[in-house]
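Examination of the molecular architecture
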Amino acid sequence: MNWEQKARLFRSALHGALGGAVDPSVRAALDRLAEPCGAGERLEPLEITHSISPARIAVDLREATRGDVLSRLIDDSGTGRDSFLHMFAALPELLADGDERVGGAWPRYPADARRPDESVWHRAALVSALVACDGEPCLLGFSLDPVRAFAWSGRSFLDLWTGTWLASYLAWVGLRTVCEELGPDHVIYPCVSRQPLFRQWVGGRVAAPTVDELSLPGLSNRIVALVPQPLADSLAGRMAEAIRAEWRRLTSYVTDRVEGDRAHWEKECDRTWEFAWEATPWRASGTQGLAASYRECFERNQRQLSEAVRRLRAPRETARTCAACGRAALPHGEPLCAACLTKRLLPRADLPAPLGEVFRSRCALADDMALLVMDGDRSSGLSGGTAPGFATWRDVFHSQAGASPEGKRWVTPGVHLFLSEALADFGLRSVPEVLRRYGGVSLYLGGDDVVALLPADRVLPAAQEIRDRFRMGFVVRGADGRIEECPSSYRPRTGERLLAHPGKAGTTSAAVVFRPGGGPLLLGQARALLDDEAK
């Protein structure tokens, strides 16, 4: 499917979500999903509910109607790729800043008044991706490894940040391949629209990221995408090759500073990364639609992907081991492997923009601060719908909708899009705001993980506030950047953003390592404390 067709489908799906006429292929995709939803009726007041946790807000739209807001979606710039990316990435933000009636509620404006937990943007993305799969939808799970050995080893905080940022950046390179070949609507996890590197890639009317935003490592090593089954394996192979090529480019900036044989160095650099992927067909179960069978498909995909990761190459035995990560060290100079030596040298290499600006912004990290490590406790329970307190159908339906299905809400692609966005809003928008107020610096903010440096006398109140933020269902980021919990009755204003966080169904654990008087810290100390004690 070309970009012009994708733009037409996305626009039609947006029209349909707001009560307008839709393309027959869009209607067919919705019929295939067969997820409980509304019948197009208007319910008052407009509500927005939470896909993961019991949370709802009533929204005062200043007499705006679905017909009024529909016209706002027609604003378009260009055709084909530009048109699609404008609607996918720029339009929600432009409307939030410019529409005085709906304002900051636009990012979460519901596609269905009766079941208002799914936004118009998620509905349109899912429909356009499903139609593009041409009757053969497939979940592609992709993993970049070994991230923990690479990113979370080091003898200084700069080593740790460099490792997490490089791993996050290389994950973006894999994601970029999906975005370029199929479109960002095909990505289920992580949430690409919130990523600074994605915004930089889109350009156009999307707000350009700052250097501080680009320096946030916010991507995990796992990717989940909805792709056409015949393309899944070849696409994953191209994702892996794109990452390899970018890693070779990065290591080339430090080659001249490496002792010993250059051919051996390049061979060792090529051995740094391994990849695993699994493609799982997504088929309807019995007489029910695709939505009812999604959870089983997702869990099978992730289980098989984890097994594939475990089968990756075992560490080599060597007489000289890396002082930072324990892998095979280079035969000359400081006892570091090729990956850890790259981490050590790259921040001070002569890098092109914007990489140079990003690394220079972190070169002054101090080693005399406290290290905070936080991690979600029930990640699989949130993604699988089994966490205590996970939302029921009654929680996600409008309070005036009457009868609703019984039991827990199904886990669908829409739920995973919601969770991905909630985690991104928490990690990339909410946590940095807390860290700024407490004088902290982020080392990693991906998924439900937080790794940060803070002054020793401020780390505990900051950790408590971050924990409380994680458990909020909805928050509002004001035009001044401050973030507060959203009241149950919300009147949106321009310049604001209504954001979702994981909510009450999610909990976190934390560990803090203090090192008075300075000196390097190993993240392993904090991880052991987190895993063995806090959890």
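In what follows, the structure referred to is the one given above.
These notes cover the structure that comes with them. On a predicted model such as this, the values are computed, not experimentally measured, just so you know.

Turning our attention to helix H17 (residues 413-438). The end-to-end C-alpha distance of H17, which contains 26 residues, comes to 36 Å, matching closely the 38 Å that a straight helix rising 1.5 Å per residue would cover. Val 431 marks the point of greatest bend in H17, at about 30°, and the proline Pro 432 comes within the next four residues. In terms of burial, H17 is a largely internal element, 24 of the 26 residues being buried.

A word on the pattern of salt bridges. Following the criterion strictly, the structure yields 33 salt bridges and no others. Two residues, Arg 244 and Glu 241, come together in a salt bridge whose shortest N-O distance is 3.5 Å. Of this pair, Arg 244 and Glu 241 both sit in helix H10 (residues 232-252), three residues apart, which is roughly one turn of that helix. Note on Arg 244: relative accessible area 32%, which makes it partly exposed. When its relative accessible area of 36% is taken as the criterion, Glu 241 is described as partly exposed. Two residues, Arg 295 and Glu 299, come together in a salt bridge whose shortest N-O distance is 3.2 Å. You can see Arg 295 and its partner Glu 299 sitting in helix H12 (residues 290-310), four residues apart, about one turn around the helix. Given a relative accessible area of 34%, Arg 295 falls into the partly exposed group.

A word on the packing of helix H7 (residues 157-181) against H10. Closest axis-to-axis distance for the H7/H10 pair is 9 Å, and the angle between their directions is 135°. Of the possible angle classes, the one that applies to H7 and H10 is oblique. In the crossing of H7 with H10, the sense of the turn from one axis to the other is right-handed. Facing Leu 166, Tyr 169, Leu 170, Val 173, Gly 174, Thr 177, Val 178 and Glu 181 of H7, the residues of H10 in contact are Leu 235, Arg 238, Met 239, Ala 242, Ile 243, Glu 246, Trp 247, Arg 249 and Leu 250. A per-class count over the contact of H7 with H10 returns 11 nonpolar, two polar and four charged.

This paragraph deals with the nonpolar core. A general feature of soluble globular proteins is that nonpolar side chains tend to end up buried together. Core analysis: the biggest nonpolar cluster contains 163 residues, and Tyr 169, Phe 198, Trp 273, Leu 443 and Ile 466 have the highest contact counts within it. At 15 residues, the largest contribution of residues to this core is made by H7. Sequence-distant contacts of Phe 198, defined by excluding residues within four places in its chain, comprise Phe 88, Ala 89, Trp 172, Cys 179, Pro 184, Val 192 and Ser 193. Grouped together as the second largest cluster of nonpolar side chains are six residues, Leu 43, Trp 393, Val 396 and Ala 401 included.

Bringing the packing of aromatic side chains into the picture now. Summed over the entire model, instances satisfying the criterion amount to 24 aromatic pairs. Note on Trp 161 and Phe 359: the rings are 5.4 Å apart at their centroids and 80° apart in plane angle, and the pair reads as edge-to-face. Of the two residues, Trp 161 sits in helix H7 while Phe 359 sits in helix H14 (residues 355-360), which places them 198 residues apart along the sequence. The same class applies to Trp 161 and to Phe 359, which are both buried. Consider the rings of Trp 172 and Phe 198, whose centres lie 6.4 Å apart with planes at 80°: the pair is edge-to-face. Of this pair, Trp 172 sits in helix H7 while Phe 198 is found in helix H8 (residues 196-202), placing the two residues 26 residues apart along the sequence. Residue Trp 172 shares its accessibility class with Phe 198, and that shared class is buried. The structure contains a cluster of three or more aromatic residues connected by ring pairs, namely Trp 3, Phe 10, Phe 84, Phe 88, Trp 172, Phe 198 and Trp 201. Its end group placed over the ring of Trp 201, Arg 81 keeps NZ or CZ at 4.7 Å from the ring centre.

Reading guide: rules and limits
- Residues numbered from 1 in each chain as written.
- Predicted model: local features only at pLDDT ≥ 70, side-chain atom pairs only at ≥ 80, totals over all residues.
- Heavy atoms only, no water.
- Helix = DSSP H or I, 4+ residues; strand = E, 2+ residues; numbered from the N terminus.
- Expected span 1.5 Å × (residues − 1).
- Bend = angle between axes of the 7 residues up to and from the residue.
- Buried < 20%, exposed > 50% of the residue type's maximum accessible area, 1.4 Å probe, protein only.
- Salt bridge = Lys/Arg side-chain N within 4 Å of Asp/Glu carboxyl O.
- Axes fitted to C-alpha atoms, helices over the stretch in contact; angles between N-to-C directions.
- Parallel < 35°, antiparallel > 145°, perpendicular 65-115°, else oblique.
- Left-handed = near helix turned anticlockwise from the far one by under 90°.
- Contact = heavy atoms within 4.5 Å.
- Nonpolar A, V, L, I, M, F, W, Y, C, P; charged D, E, K, R; others polar.
- Core = buried A, V, L, I, M, F, W, Y, C linked by side-chain atoms within 4.5 Å.
- Phe/Tyr/Trp six-rings, centres within 6.5 Å; stacked < 30°, edge-to-face > 60°.
- Lys NZ or Arg CZ within 6 Å of the ring centre and 35° of its normal.

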